[in-house]
Amino acid sequence: MSSSAAPHYPFVFAADSPMIAVYRTLERVLENTTTVLIEGESGTGKDALAQWLHFQSPWRDNPYIKIDFASLPDDLVESELFGYERGAFTGAVNSKVGKLDLAQNGTVVFDEIVNVDLNVQAKLLNVVEAKQYYRLGGTRPIELDCRIVALSSISLSRAVERQIFRQDLFFRLNLITVRIPPLRDRKSEVLGIAEYLMGQLEKKYRKAMHIHPDCKAVLETYDFPGNVRELRNGFERALLLSAGRDITPEALPSSWQTPRLSSSKMMSLDDVEKEYIVEVLRQTRGKKVKAAKILGISRKTLLEKRKKYGLD
Ligand SMILES: Nc1ncnc2c1ncn2[C@@H]1O[C@H](COP(=O)(O)OP(=O)(O)O)[C@@H](O)[C@H]1O
Ligand SMILES: [Mg+2]
C-alpha cells in the first residue's frame, strides 16, 4: 500500500514524494491541539488528510466534525456553528447544539473556510484565537477544547490580498500550514495512487481488475485538473465498463488521452498529426474503425493519412 520509505503514510508512493514533508510536519503536532491549515486544489485529498490527522491523534475516539462552508447557506452558518439558545430569534422555540459543541474534545474541520462571509470571520477569529464562542442568544462564553483544521482550495494569502479574507484570521490560521501538491506535480506517484484506488474499487464492486502497464503513459501525460478525485472517478468508470480483467488505456476517459507535446521538441503540424495517429492506432491496437472514430475522420481519410505518413 505505502512505499517502504514511509510505511505509515497513506498515499505515499515515491521515496521523494512531496507528501512526506507534509506528513512529517503534521506528525510534530499530532499530540497537541494546534490549529492546522491545509491548502490544496480541489480533489487533492484535504479531507482525507484532515481525517488522517484526527485518527492519528490521541483523541481519535472523540468526534470528528466537519463544516462545509461551500455548501452551507450564509444565513445558516452561525446557527450551525454556534448553536442557539431558546428564544434567540423568532422561531428558536428550542435550543440547538452547534457543530462546535459537538466537536468538543475532538477535531473540528472548517472546509473551504474562504467562503465564510466577513462578519462571521470576525467571530471565527475569536474561536481560533481565544478558543471561545457564544451560542446565539447566549451570554456565557463556552470554552472550545478541540483541534481546529481549516481547509482551502485557494491560497488564503491571496484571498487576503483580494480582501475577501480577514488578515488577522489568516495569521491565526497560518501557524502550521501544509500544502498538498496537485497530481500534475507528482507524476511519478500517479500510477501507484491509481493502483491503490483500484484496490478500494475492487473491494467496492467485488471485481478483480488489473491496470494494464500501457496505462502508465496516459497517467504520466495527463494533468488531472480534478486531482485524486478525477483519477478515482476515471478508474471507477473504467472498472464498470471493462468486460475483461484488464483496464487498458482505451478504457480510460478520452479526456485523459492527450497527445504528448513537449516544448523542447517543437514539431511541425504534420509531425504532430503523424505522432497522434500513431498513438491512437497503438491504443486501439490497429482497429481502424475505432481509431478513425477517435480521430474524428473517416476510415478513408485515415487510410490516406497512413499512406502519407508511411504507417502501413
Ligand atoms: N489519502 C486518500 N486515501 C484514499 N482516497 C483518497 C485520498 N485522498 C484523496 N482520495 C480520494 O479523492 C477524493 C477527493 O479527496 P478529498 O479529501 O475529498 O479532496 P479535497 O478535500 O481536497 O477536495 C476522495 O473522495 C477520495 O476518493
Ligand atoms: Mg473536500
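These lines cover the structure that appears in this document, whether it is placed above or below. Per chain, the residues get numbers from 1 upward, laid out in the order the sequence is written. Each chain is given a letter, starting from A, and each ligand a number, starting from 1, according to the order in which they appear as written. A pLDDT threshold of at least 70 governs which residues receive local features in this predicted model, and a stricter bar of 80 or more applies before side-chain atom pairs are shown or counted, although totals over entire chains, interfaces and linings include all residues.

### Thoughts on unusual backbone geometry
Here's step 1: Of note, F11 is a non-glycine position whose phi angle comes to about 75°, a positive value.
Here's step 2: Helix and strand assignments come from DSSP, with helices taken as H or I runs of at least 4 residues and strands as E runs of at least 2, each series counted from the N terminus. Here F11 shows up in the segment before α1 (19–27).
Here's step 3: Take F11: there are 23 C-beta atoms within 10 Å of it, and that puts it in the buried class.
Here's step 4: Positioned with a positive phi, E112 is a non-glycine residue whose angle comes to about 50°.
Here's step 5: Inspection of the secondary structure assignment puts E112 in the loop between β3 (107–111) and α5 (118–130).
Here's step 6: A residue is called partly exposed when the number of other C-beta atoms within 10 Å of its own lies between 12 and 20, exposed at 12 or fewer, and buried at 20 or more, with C-beta atoms placed from the backbone. The partly exposed category is assigned to E112, around which 19 C-beta atoms lie within 10 Å.

### Looking at the nonpolar core
General note: in soluble globular proteins, nonpolar side chains tend to be found buried as a group.
Here's step 1: Core analysis: the largest hydrophobic core is formed by 59 residues, its most contacted members being F110, V149, A194 and L231.
Here's step 2: A per-element tally of this core places helix α8 (residues 187–205) first, with five residues.
Here's step 3: Domain start and stop positions are those given by an automatic or database domain assignment. Counting the residues that make up this core, at least three belong to each of domain 1 (19–181) and domain 2 (185–258).
Here's step 4: Our contact criterion uses C-beta atoms placed from the backbone: two residues qualify when those atoms are within 7 Å. Look past the residues within four positions of A194 in its chain and what remains in contact with it is I211, L219, L231 and F235.
Here's step 5: In these notes, a nonpolar core means any group of buried Ala, Val, Leu, Ile, Met, Phe, Trp, Tyr and Cys residues linked to one another through C-beta atoms within 7 Å. Core analysis: the next-biggest nonpolar cluster, separate from the first, contains six residues, I277, V280, L281 and A291 among them.

Distances and angles like these do not, on their own, reveal function.
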